[in-house]
Amino acid sequence: MTDIEIAIKNLEGHSICLCKNGEYFTDDSKGISPMMKFIAEKKDLSGYSVADIIVGKAAAILFVKAGIVSVYGKVMSEAAKLFLEEHGISYGYDTLTKKIINRSGTDVCPMEKTVTNISDTEKGYIALKEKLAELKSK
């Protein structure tokens, strides 16, 4: 079984599953918070494969920043697909969607809005960090 197959198999009941060399771990935090946490902790994720419930451009930016090599999303946005393609990361999905919607179903996800016009990984990460801080302060 490949790392991405192991990650997909073990995603059930979790938000995200990361696998490298057959060893995997999961996280149950919502949205992009697991990846933001791993990056803040300077966790070395280079070479890992990731299975995630929802992969939008915000998540794709974080995957590129972390050195992820393969991504699967139950739902993936067209912008995420394009970003992963541009960075040579293999990907798969169950459902491809135009955009990722916020949790209340009323608008585009705020994280997606934040990175819509950003193509630089580092600038995207900084913008997401600032947006999360802004949302937490409200």
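Predicted, not measured: the structure shown is a model, and the values here were computed from it. Along each chain, residue indices are assigned from 1 in the same order as the chain's sequence is written. Residue-level local features of this predicted model are given only where pLDDT is at least 70; pairs of side-chain atoms are given and counted only at 80 or more, and the full residue set underlies all totals for whole chains, interfaces and linings. Values shown for side chains rest on all heavy atoms present in the structure; no hydrogens or waters enter the calculation.

Caption draft 1: Region of the structure containing the pairing of strand β1 (residues 16–20). With four of its five residues buried, β1 lies for the most part within the structure. Two strands qualify as a pair provided that DSSP identifies no fewer than 2 bridges between them. Each helix is a run of DSSP H or I of at least 4 residues and each strand a run of E of at least 2, with the numbering of both proceeding from the N terminus. Alignment of β1 against strand β2 (residues 23–27), held across five bridges, turns out to be antiparallel. In the strand pairing of β2, C19 is matched with Y24. The antiparallel hairpin formed by β1 and β2 contains two residues in its connecting segment, where N21 sits at a positive phi of about 55°. Here β1 pairs with strand β3 (residues 49–55) via four bridges, running antiparallel. Paired with C17 across the strands is A51, a residue of β3. Buried residues are those whose accessible area, probed at 1.4 Å on protein chains only, stays under 20% of the maximum for their type, while exposed residues exceed 50% and partly exposed ones sit between those limits.

Caption draft 2: Up close: the pattern of salt bridges. Within this document, salt bridges are pairs made up of a side-chain nitrogen of Lys or Arg and a carboxyl oxygen of Asp or Glu, the two lying within 4 Å of each other. Within this structure, the stated rule accounts for six salt bridges. The partner of E78 in a salt bridge is K98, with the nearest N and O atoms 3.8 Å apart. Of the two residues, E78 sits in helix α4 (residues 78–86) while K98 sits in the loop between β5 (90–97) and α5 (110–115), which places them 20 residues apart along the sequence. Its salt-bridge partner being E134, residue K131 comes within 3.3 Å of it at the nearest N-O pair. Remark: E134 and K131 occur in helix α6 (residues 121–137); sequence separation between them is three residues, near one turn of the helix. By relative accessible area, E134 is classed as partly exposed at 34%.

Caption draft 3: Focus on helix α3 (residues 57–66). The element α3 is largely enclosed, with a buried count of nine among its ten residues. Here α3 has its buried residues at K57, A58, A59, A60, I61, L62, F63, V64 and A66. One or two residues past the end of α3 sits G67, with phi positive at roughly 85°.

Caption draft 4: Region of interest: the sheet that holds β1. In space, the five strands of this open sheet follow the order β2-β1-β3-β4-β5, with mixed pairing throughout. Each edge of the open sheet carries a strand with a single partner, namely β2 and β5. When the angles between neighbouring strand axes are averaged without regard to direction, this sheet yields 10°. Across seven bridges, the pairing between strand β4 (residues 70–77) and β5 is parallel. By the bridge assignment for β5, S77 is matched with T97. By definition in these notes, contact holds between two residues if any of their heavy atoms fall within 4.5 Å. Every angle, taken between N-to-C directions, lies between 0 and 180 degrees, and every axis is a line fitted to C-alpha atoms, over only the stretch in contact when it is a helix. Against the sheet, α3 touches β1, β3 and β4, its axis set at about 165° to β3. Its contacts with the sheet put α4 on β3, β4 and β5, and the angle it makes with β4 is roughly 160°.

Caption draft 5: Broad picture of helix α2 (residues 33–40). Along α2, the positions that sit buried rather than exposed are P34, M35, M36, F38 and I39. If you follow the buried residues of α2, they end up packed against β1, β2, α3 and α6. With its phi angle positive at about 60°, K42 sits one or two positions after the end of α2.

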